[in-house]
Amino acid sequence: MASGDLIPASRVSEEDLPVGSVVTASGRVSGVHRAGEPFEDDLPFTTDELVRLDDALTEGTRMTKVRFNAYIGDLGVDTAVGADALFPSTPEAERSVLIAVSPNQRTVEIRSGVAVADRVTDRVSQLGATAAVASFGDGDLIDGLVSAIRVMSAAISSP
């Protein structure tokens, strides 16, 4: 699992970083977490929240045969361009949906692959975004993603 902190790259020497850490082009320090080692930092989500998200992703994928992917993080100044750049690197992009949330910009971007574009229409994407935004307004990112996945799954016609 990767983690990261944003610090000016000029303040970090790569020689001083722990094994498995690098300074990314954006200046974020990204490091691996070895399985079995305890986390020392406060994590943004609880285990229960992550399980809820994983269950929603799995259920949505099984129900529709469309792969659901979620991303929470900075998408850059132009979030649409950031989501467009991110989407091809997601698992099974051609037959998937990406729900990308950029919390700092307060933006939700939804992308779908060419193989499912006839089922994941603009209407379905709008329903998902609307479902997500309601919970995001309350500061609950996981609930928003779970709501979006469930609403979109219900709206996507099965193959």
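Each chain has its residues counted from 1, running along the sequence as written. Local features in this predicted model are restricted to residues of pLDDT 70 or higher, and side-chain atom pairs are both shown and tallied only at a pLDDT of 80 or more, whereas totals for entire chains, interfaces and linings draw on every residue. Based on all heavy atoms of the structure, the side-chain values leave hydrogens and waters out of the count.

Draft legend 1. Region of the structure containing the sheet that holds strand β4 (residues 67-72). Any two strands between which DSSP finds at least two bridges are classified as paired. Every helix listed is a DSSP run of H or I at least four residues long, and every strand listed is a run of E at least two residues long, numbered separately from the N terminus. Strand order in the open sheet formed by three strands is β4-β5-β6, with mixed pairing between adjacent strands. In this open sheet, the two strands that pair with only one neighbour each are β4 and β6 (107-112). Strand-to-strand twist across the sheet, computed as the mean angle between neighbouring axes with direction ignored, equals 15 degrees. Taken together, the six bridges between strand β5 (residues 96-102) and β6 define a ladder with antiparallel strand orientation. Whenever a helix is involved, its axis is fitted only over the stretch in contact; in every case the axis is a line through C-alpha atoms, and angles between N-to-C directions fall within 0 to 180 degrees.

Draft legend 2. Representation of the nonpolar core within the structure. Among the nonpolar cores identified, the biggest contains 23 residues, and L53, F68, V97, I99, V120, I149 and M152 are the most heavily contacted of them. It is helix α4 (residues 141-155) that contributes the most residues to this core, six residues altogether. Non-local contacts of F68, meaning those with residues more than four positions away in its chain, are made with L57, G60, T61, V97, I149, M152, S153 and I156. Residues belong to one nonpolar core when they are buried, are Ala, Val, Leu, Ile, Met, Phe, Trp, Tyr or Cys, and are joined through side-chain atoms within 4.5 Å. Three exposure classes are used, based on accessible area relative to the maximum for each residue type with a 1.4 Å probe and protein chains only: buried under 20%, partly exposed in between, and exposed over 50%. If you look at the next biggest cluster of nonpolar residues, it comprises five residues, including L75, A93, L98 and A100. Contacts were defined at the residue level, with two residues in contact if any of their heavy atoms lie within 4.5 Å.

Draft legend 3. Structural view of unusual backbone geometry. Phi at K65 is positive, roughly 65 degrees, even though this residue is not glycine. Considering the arrangement of structural elements, one finds K65 in the loop between α1 (47-64) and β4. Overall, K65 belongs to the exposed group, its relative accessible area being 51%. In the Ramachandran plot, R106 falls in the positive-phi region, its phi being about 55 degrees despite a non-glycine side chain. Counting through the fold element by element, R106 comes out in the loop between β5 and β6. Given the relative accessible area of 75%, R106 is considered exposed.

Purely geometric stuff here, so don't read any function into it on its own.
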